[in-house]
Amino acid sequence: MADLLHRPRRLRGTASIRSLVRENHVTPDDLLYPMFVTAEAASSEIGSMPGVFRYTIEDLTPAVNRVLASGVHAIMLFGIPADKDSVGSQGYASDGIIPSAISSLRKSFGKELTIVPDVCLCEYTDHGHCGIIENGDVANDPTLGLLQRAAVTYAQAGADMIAPSDMMDGRIGAIRSALDTSGFEQIPIMAYSAKYASAYYGPFREAADSAPQFGDRRTYQMDPPNRREALREIALDIDEGADIVMVKPGLAYLDILREARDNFDVPIAVYNVSGEYSMIKAAARNGWIDEQRVIAETLTAFKRAGADIILTYHAVEYAEAWQRAVRA
Ligand code: PBG
Ligand code: ZN
């Protein structure tokens, strides 16, 4: 068989050659690390998400020190408030948990740290839905004003970017105009554009104590079987002024990510959500998989599918391993 002309194995013979022809890399610069900040008295580990904590504002600073030391320099923030009510007031109060955390972090870290608060009401409402309730469902347009207030409040506290995750229609345009009229025309919006009603958010709802108390999120988050609709949601958000669009969850929606990449030229983020994280942790704890390799393979899949930014709870452990490999 010496006349076999094409031998792809020629380029796989050594680690050095493989790295020369490697098409995709994930570096700490690609990662956005989601963190939880709580108004409770003490920090605590989230049972279904080993290695992920709800931090008090006091404990958040040392935790972010470790994040920056790993090479990751951007975080997303979720808040757990002291009190919840039917309209999610603590989500847009100027002395709420998120504005307080942002000002404290800004004081400690300056602009070295990029702070991206998630904007939604479900962590702040007593019913756990992402907006206010009228006639047994989330009322779209009345919710928009509250999201605008949250976005402007977070920008005033010093947020670098705003990330609305609520899936109300028209929210990107509403938030863009609220930011602009408040003097924040330079603050970008990262829109959770193609966000599906997914069972993979289960552990997050324990982390944020935000499970809906009745019904589910299917009247506002997308129906998982739909593909064309995701492209339409993304196009609408770009039209309304989104600077970055997101596909969420990640692994079960890599086809959507690829299509988004092929159809739009704005930066694209993907959210490697809580359930995806917890499955890897659970399998690793049982000794069933090589955890570090599975994490690297997973994050690389997002790059290969077209993501520019990867939101992942694995960010710090991946970045620390990446640094060790670079130094070795
Ligand atoms: C809030 C929000 C959720 C997530 C991000 N922002 C939960 C939800 O929509 O129910 C999920 C993140 C994760 O599972 O890691 N709307
Ligand atoms: Zn929500």
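Our structure is the block above this text.
Residues numbered from 1 in each chain as written. Chains lettered and ligands numbered in written order. Predicted model: local features only at pLDDT ≥ 70, side-chain atom pairs only at ≥ 80, totals over all residues. Heavy atoms only, no water.

**Description of the site of ligand 1**
Lining the immediate surroundings of ligand 1 are 18 residues, of which Lys195, Arg205, Lys248, Ser274 and Tyr313 lie closest. Contacts to ligand 1 include serine 165, whose side-chain N or O atom sits 3.1 Å from a nitrogen atom. In this structure, an oxygen atom belonging to ligand 1 sits 2.7 Å away from a side-chain N or O atom of arginine 205. Here ligand 1, which alone exposes 400 Å², has 100% of that area covered by the protein. Spatially, ligand 1 is embedded in the largest cavity. At the level of secondary structure, the elements contributing two or more residues to the shell around ligand 1 comprise strand 9 (190–195) and helix 6 (202–208). Here the residues of the shell around ligand 1 are counted per class, giving 10 nonpolar, three polar and five charged. (Near = heavy atom within 4 Å. Polar contact = N/O pair within 3.5 Å; in protein donor to acceptor, adjacent residues only side chain to side chain. Areas by Shrake-Rupley, 256 points an atom, 1.4 Å probe, with all protein chains shown as cover. 1 Å grid on protein atoms, 1.4 Å probe; cavity = no way out; pocket = protein on both sides within 12 Å on 5 of 7 lines; lining within 4 Å. Sits in = over half its atoms within 2 Å of the grid points. Helix = DSSP H or I, 4+ residues; strand = E, 2+ residues; numbered from the N terminus. Nonpolar A, V, L, I, M, F, W, Y, C, P; charged D, E, K, R; others polar.)

**Observations regarding the coordination of the zinc ion (ligand 2)**
Binding of the zinc ion (ligand 2) to the protein goes through Cys120 (SG), Cys122 (SG) and Cys130 (SG), at separations of 2.2 to 2.3 Å. Bound by four donor atoms, the zinc ion (ligand 2) shows angles of 99 to 120° at the metal and therefore tetrahedral coordination geometry. Between consecutive donor residues of the zinc ion (ligand 2), the sequence gaps follow C-x1-C-x7-C. (Donors = N, O, S within 2.8 Å, 3.2 Å for Na, K, Ca; no water. Tetrahedral: all angles 85-135°; square planar, octahedral: opposite > 155°, others 65-115°.)

**Topic: the packing of helix 8 (residues 254–263) against helix 10 (residues 291–305)**
One can describe the packing of helix 8 onto helix 10 by two numbers: an axis separation of 8 Å at closest approach and a directional angle of 35°. Facing Leu254, Leu257, Arg258 and Arg261 of helix 8, the residues of helix 10 in contact are Ala301, Phe302, Arg304 and Ala305. When grouped by side-chain class, the residues that make up the contact of helix 8 with helix 10 number five nonpolar, no polar and three charged. (Axes fitted to C-alpha atoms, helices over the stretch in contact; angles between N-to-C directions. Contact = heavy atoms within 4.5 Å.)

**Some words on empty space enclosed by the protein**
Per the stated rule, a full pass over the model turns up one cavity of 30 Å³ or more. Here the largest cavity is characterised by a volume of approximately 150 Å³. Elements supplying a minimum of two residues to the lining of the largest cavity: strand 9 and helix 6. Across the lining of the largest cavity, the residue classes tally to 10 nonpolar, four polar and six charged. (Points joined across faces, edges and corners; volume = space filled by probe spheres on them.)

**Observations regarding the layout of surface pockets**
As a volume, the largest pocket reaches approximately 230 Å³. Elements with a minimum of two residues in the lining of the largest pocket: strand 1 (31–38), strand 3 (53–55), helix 2 (57–70), helix 9 (274–285) and helix 11 (315–327). Taken together, the residues of the lining of the largest pocket break down into 10 nonpolar, one polar and four charged. Looking at the second largest pocket, its volume works out to about 200 Å³. Every residue lining the second largest pocket is listed: Arg22, Asn24, His25, Val26, Arg293, Ala296, Glu297, Thr300, Tyr318 and Trp322. Ranked by residue count, the leading element in the lining of the second largest pocket is helix 10, at four residues.

**Describing the nonpolar core**
Residues Met35 and Leu77 are the most contacted members of the largest nonpolar core, which totals 82 residues. Per-element tally for this core: the top contributor is helix 4 (residues 140–157), with nine residues. Excluding residues within four positions of it along the chain, leucine 77 makes contact with Met35, Val37, Leu60, Ile98, Ala101, Ile102, Leu105, Ile115, Val116, Pro117 and Asp118. Met49, Val116, Met190 and Tyr277 belong to the second-largest nonpolar core, a separate cluster that totals 26 residues. (Core = buried A, V, L, I, M, F, W, Y, C linked by side-chain atoms within 4.5 Å. Buried < 20%, exposed > 50% of the residue type's maximum accessible area, 1.4 Å probe, protein only.)

**A closer look at a nonpolar patch on the surface**
A cluster of nonpolar side chains, Leu11, Ile17, Leu20 and Val21, forms an exposed patch at the surface whose accessible area comes to about 360 Å². When you line up the elements, valine 21 lands in the loop between helix 1 (15–20) and strand 1. Classification of valine 21 by relative accessible area gives partly exposed; the value is 40%. (Patch = residues over 30% accessible without salt bridge, like charges linked within 9 Å, V, L, I, M, F, W, Y side chains within 5 Å. Salt bridge = Lys/Arg side-chain N within 4 Å of Asp/Glu carboxyl O.)

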